[in-house]
Amino acid sequence: MNKPVMGMVLKGYPRISETFISNEIRLLEEQGLTVHIFSMRQPRENFTHKSVEAIKARVTYLPSEFWTSLHRFLWPNLRTLLSYPTGYAKSFRLACKRFLHNHNFMTFKHFFQGGYLVHHARELNLTHLHAHFAHSPTSVAMFASEIRGVPFSFTGHAKDIYTSDATQLAEKIDKARFVVTCTKYNKAFLENLVQGRREIHCVYHGIDLELFFAHAVTRTPEPPYTFLTIARIVEKKGIPDILEALALLARENFPFRYVLIGSGDDKDAVKARVRELGLEGHVEMPGTMAHDQVLEHFQTADCFVLGCRIARSGDRDGIPNVLAESMAMGVPVIGTRVSGIPELVEHEETGLLVDATRPEELAAALKRIVTDQALRAKIIPAARQKVTEVFDNKKLIVELIALYRNLTNL
């Protein structure tokens, strides 16, 4: 008999910003699990990380548009209806119920994607579906689960949790075989959402410690000091707050350069703010980069900084993996007290925590972290020890696989 297969439902694959997912799939395969990826859209970047090359899983791309792809949905869904009439009807009733609540036609797209998934999984010994992100990927997994009669689970991360409809998110939690999230902060939020009816499992993403330890930074900061940020340029990353703090340092003639790696919806607004603050001579924005290039920038960084905040939509980070990566490499970090960040970055122990909406506080922290050698001597080794204890992905994947094996038929 064919080996049991875990269907992994993803928003997109591969994605340059989601190395934690590709690392998880790679490690699951190394532990003997067979994974088949169902991606809701084609990759948007023209390059990817090397970790993806080691993944053996086959990929099925679901039609990403509804009306323009309707013809692609029809035959697979008809075949699925004929093969699983009871499950298909049950799933359709669930889609109608959810549509009446949210009045969002994307509900039916996710239902048809679920039917398409089941059709293309007909030759697989599919025993479990797992989705990354609690919004649309979990919707697709839930509808497919209802049709095929296999259990599903999901991992909630950040935006997907805090911008989802609370009633519908609670329904997903109740229907799922189990739910995983990546911070204790998220765990408490989700358990409160279902009033303690379900236990939410917390497993940190983790990072490849061997990779980052092998690229450890050993440098004594010298002016002009280099501050580094690697992030999607969106509201929750707090880039404008960092710029306000940098403007204060520039007015003091404090010598620095700021490298902002990444792209996003707010890129043009951030560039405009750089010009307004007169920081053109200090700020470099090279765009999105592959992992090897990012590692090169770490080698010249004196400090890594993120100004994470809660966006107006409610979106917020969990624990950005790049903070753990920086700490593992010996680059001291400055973060905020938002969400799960204090679970990793302990103020004046493994890094510095600030209220980034107070530019004078962030500016003082930036200056301190590159000039206070006693502080650096304390927090850099402590930070590396912290990620070794709690963010080693090889240890965490064993914990995750134990969860899968205990709660599924894999």
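Since we're looking at a predicted model, the values are computed, not measured. Each chain has its residues counted from 1, following the order in which its sequence is written. In keeping with the predicted nature of the model, local features appear solely for residues at pLDDT of at least 70, side-chain atom pairs appear and are counted solely at 80 or more, and the whole-chain, interface and lining totals rest on all residues. Water and hydrogen atoms were dropped before computing side-chain values, which therefore reflect all heavy atoms in the structure.

1. Some words on the overall build of the chain
Now for step 1: Every helix listed is a DSSP run of H or I at least four residues long, and every strand listed is a run of E at least two residues long, numbered separately from the N terminus. Scanning the chain from N- to C-terminus turns up 17 helices and 13 strands.
Now for step 2: The reference for a compact globule is 2.2 Å times residues^0.38; the radius of gyration itself is calculated from the C-alpha atoms. In terms of overall dimensions, the chain is globule-like: its C-alpha atoms have a radius of gyration of 22 Å, near the 22 Å expected for 410 residues.
Now for step 3: Each principal axis of the C-alpha atoms in the chain carries an extent, and together these give about 70 × 40 × 40 Å.
Now for step 4: Just so you know, the count uses Lys and Arg for positive and Asp and Glu for negative, and it drops His and the chain ends. Note on charges: their place is set at NZ of Lys, CZ of Arg, CG of Asp or CD of Glu. Distance between charge centres in the chain, computed from 50 positive and 45 negative side chains, equals 7 Å.

2. A word on helix α16 (residues 373-390)
Now for step 1: In this model α16 runs 26 Å from its N-terminal to its C-terminal C-alpha over 18 residues, within 8% of the 26 Å that 1.5 Å per residue would give.
Now for step 2: Within α16 the residues assigned to the buried category are Leu375, Arg376, Ile379, Ala383, Lys386 and Val387. End-on, the buried residues of α16 take up no more than an arc of 105°, which puts them together on one face. Those residues of α16 that are exposed and aimed more than 90 degrees away from the buried face are Ala374, Ala377 and Glu389.
Now for step 3: Contacts between residues were defined by any pair of non-hydrogen atoms, one from each residue, lying within 4.5 Å. Of the surrounding elements, those touching the buried residues of α16 are α10 (209-214), α14 (321-329), β13 (352-354) and α15 (359-371).
Now for step 4: Side-chain atoms alone can form a polar contact between residues adjacent in sequence; in general such a contact is a pair of N or O atoms within 3.5 Å, and within protein one must be able to donate a hydrogen while the other accepts it. Sitting at the amino-terminal end of α16 is Asp372, which places a side-chain oxygen 3.2 Å from the backbone nitrogen of Ala374. Between the first and last residue of a helix there are one fewer steps than residues, each counted as 1.5 Å, and that sum is the expected span. Think of it in three bands: with a 1.4 Å probe and only protein chains considered, a residue is buried below 20% of the maximum accessible area for its type, exposed above 50%, and partly exposed in between. Arc definition: it is the arc formed by the directions from the helix axis to the C-beta atoms.

3. Description of the nonpolar core
Now for step 1: By nonpolar core is meant a set of buried Ala, Val, Leu, Ile, Met, Phe, Trp, Tyr and Cys residues that side-chain atoms within 4.5 Å join together. Within the largest apolar cluster, 60 residues are counted, with the highest numbers of intra-cluster contacts made by Leu28, Phe298, Phe304 and Leu344.
Now for step 2: Sequence-distant contacts of Phe304, defined by excluding residues within four places in its chain, comprise Leu228, Thr229, Ile230, Phe298, Val322, Leu323, Ser326, Val331, Pro332, Val333 and Ile334.
Now for step 3: Among the nonpolar cores identified, the runner-up in size contains 42 residues, and Val5, Tyr116, Ile147 and Leu190 belong to it.

4. Details of α14
Now for step 1: Burial runs high along α14: 9 of the 9 residues are buried.
Now for step 2: Within the span of α14, buried status applies to Asn321, Val322, Leu323, Ala324, Glu325, Ser326, Met327, Ala328 and Met329.
Now for step 3: Once α14 ends, the next one or two residues include Gly330, with phi positive near 90°.

5. Quick word on the sheet that holds strand β2 (residues 34-39)
Now for step 1: Any two strands between which DSSP finds at least two bridges are classified as paired. The sheet built from 7 strands is open, its strands ordered β3-β2-β1-β4-β5-β6-β7 with parallel pairing. Of all the strands in the sheet, just β3 (58-61) and β7 (201-202) have a single pairing partner and so form its edges.
Now for step 2: In this sheet, β2 lies alongside strand β1 (residues 5-10) in parallel orientation, the contact comprising 6 bridges. Bridge pairing links Met6 to Val35 in β2.
Now for step 3: To obtain each axis, a line is fitted to C-alpha atoms, and for helices this fit is confined to the stretch in contact; angles are then taken between N-to-C directions over 0 to 180 degrees. Contacts from helix α9 (residues 184-193) reach β5 (152-156), β6 (178-181) and β7 within the one sheet, and its direction differs from that of β6 by about 145°.

6. Regarding the pattern of salt bridges
Now for step 1: Salt bridges are defined as contacts in which a side-chain nitrogen from Lys or Arg sits within 4 Å of a carboxyl oxygen from Asp or Glu. Using the criterion set out here, one finds 24 salt bridges in the structure.
Now for step 2: For Asp317, the salt bridge identified is with Lys237, shortest N-O distance 2.9 Å. Pair noted here: Asp317 is in the loop between β11 (303-305) and α14 and Lys237 is in the loop between β8 (225-230) and α11 (239-251), with a separation of 80 residues, a long-range link.
Now for step 3: Taking relative accessible area as the criterion, Asp317 reaches 7% and is therefore assigned buried.
Now for step 4: For Glu244, the salt bridge is made with Arg273, and the minimal N-O distance between the two is 2.5 Å. Separated by 29 residues along the polypeptide, Glu244 in helix α11 and Arg273 in helix α12 (residues 267-276) bring together distant segments of the chain.

7. Brief notes about the packing of helix α4 (residues 85-102) against helix α8 (residues 166-175)
Now for step 1: Where α4 contacts α8, the axes come no closer than 11 Å and their chain directions differ by 155°. Relative to α8, the element α4 is oriented roughly antiparallel. Along the contact surface, α4 presents Leu94, Lys97, Arg98, His101 and Asn102, while α8 presents Thr167, Gln168, Glu171, Lys172 and Lys175. In these notes the angle categories are as follows: under 35 degrees is roughly parallel, over 145 is roughly antiparallel, 65 to 115 is roughly perpendicular, and the rest is oblique.

8. Remarks on unusual backbone geometry
Now for step 1: The residue after Tyr13, namely Pro14, is reached through a cis peptide bond having omega -10°.
Now for step 2: With an omega of -5°, the peptide bond between Pro223 and Pro224 qualifies as cis.
Now for step 3: Along the chain, Pro224 falls in the loop between α10 and β8.
Now for step 4: Notably, His103 is not glycine yet its phi reads approximately 50°, a positive angle.
Now for step 5: With respect to the helices and strands, the residue His103 is situated in the loop between α4 and α5 (106-120).
Now for step 6: Overall, His103 belongs to the exposed group, its relative accessible area being 58%.

9. Things to note about the side chain of Glu146
Now for step 1: Along the chain, Glu146 turns up in helix α6 (residues 136-148).
Now for step 2: Residue class for Glu146 comes out buried when judged on its relative accessible area of 13%.
Now for step 3: Apart from the residues within four sequence positions on either side, Glu146 is in contact with Gly87, Lys90, Ser91, Leu94 and Lys175.

10. Regarding the UniProt feature "domain: Glycosyl transferase family" (unreviewed entry) in the chain
Now for step 1: Taking the UniProt record as the reference, the feature "domain: Glycosyl transferase family" (unreviewed entry) is found at residues 216-385.
Now for step 2: Helix and strand shares over residues 216-385 are 39% and 16% respectively, and the end C-alpha atoms of the span are 13 Å apart. UniProt positions are given in the numbering used here, feature names are shortened, and annotations may be inferred rather than shown by experiment.

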